[in-house]
Amino acid sequence: MPRAIISPSVLASDFGQLTAECKRMIKGGAEWLHMDVMDGHFVPNITMGAPVLSCVYKGVPGIFMDCHMMVAQPENWVNDIADAGGSLYCFHIEATTDAVSLINAIHGRNMKAGVAISPDTPSSAITDEIGAAADMLLVMTVYPGRGGQKFLERCVPKVAELRARFPEKDIEVDGGVGPKTIDICAEAGSNVIVAGTAIFGAPSPEDVIASLKATITTAQTKFSK
């Protein structure tokens, strides 16, 4: 079972202090920073792109940018994100017709490859071939496109289905996750947690990060038996 990783969602940060906000999260114990890239096509919202990521990468040495690509034609942005310092490129299965070739292109630029599924997409959309090629699988527990939505518990069984099929993969959950919803995600087998407001809005982000991480680690004991 892969180790617990907390990836604070930068979408919930103060964009006017973006570099400082990322440093604050890393100081608080975050290993990854979740960067939501939206293009106004795959989802109706527009957030940040490669130029912003590049600035963050230069300002925060060693940052691991977990880039969630909510974009149409994700094939077109691999080089830009790699050049900007992206560490992991996670695309939506719904946005491509050749996931394996895209994973290979991502690996060719020395990034980890992630595959995301939206709430209405079954876990079976991630075939054995795709799952084996990817480094991370992302189960969305809100509809992609904007922060602050309510957690969709009906998506959690997909985490358990994927964990059963891919016991050694990083499995990420994103959307409405915080101290009140972490248990069900961890018990289903998620080891990478994206949380936005729950961390950035907390008086003590380091305490929230530590608590989320501890919950995952505790839940993992049942998988190792």
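All values derive from a computational prediction rather than experimental measurement.

A. Summary view of the pairing of strand β6 (residues 136-140). Burial within β6 is extensive, with five of its five residues counted as buried. Taking every second residue as pointing to the same face, both faces of β6 are buried, with M136, L138 and M140 on one and L137 and V139 on the other. In this structure, strand β5 (residues 112-117) lies alongside β6, joined through four bridges in parallel fashion. Following the sheet pairing, I117 is matched in β6 by V139. Crossover handedness for the path β5 to helix α5 (residues 128-133) to β6: right-handed. Sheet topology places β6 next to strand β7 (residues 170-174); five bridges connect them, and they run parallel. Across the sheet, the residue bridging to M136 is D170, located in β7.

B. Structural view of the nonpolar core. Membership of the largest hydrophobic core comes to 64 residues, with the highest contact counts inside it found for L53 and V115. Apart from residues no more than four positions distant in its own chain, V115 is found in contact with C90, F91, I93, I103, I126, I130, A134, M136, L137 and L138. In this structure, I5, F64, C90 and M136 belong to the second largest nonpolar core, which totals eleven residues.

Conventions we followed
Residue numbers run consecutively from 1 along every chain, following the written order of its sequence. Selection of residues for local features in this predicted model requires a pLDDT of at least 70, selection of side-chain atom pairs for listing and counting requires 80 or more, and totals for whole chains, interfaces and linings are taken over all residues. Each side-chain value is derived from all of the structure's non-hydrogen atoms; neither hydrogens nor water enter the calculation. Exposure classes here rest on a 1.4 Å probe applied to the protein chains alone. A residue is buried below 20% of its type maximum, exposed above 50%, and partly exposed in between. The numbering of helices and of strands both runs from the N terminus, where a helix is a DSSP run of H or I of at least 4 residues and a strand a run of E of at least 2. Here the rule is simple: two strands pair whenever DSSP picks up at least two bridges between them. Whether a crossover is right-handed depends on one test, that the path from the first strand over the helix to the second runs clockwise when the strands point away from the viewer. By nonpolar core we mean a set of buried residues, namely Ala, Val, Leu, Ile, Met, Phe, Trp, Tyr and Cys, connected to one another through side-chain atoms within 4.5 Å. Any two residues having at least one pair of non-hydrogen atoms within 4.5 Å are treated as being in contact.

None of this, on its own, says anything about what the molecule does.
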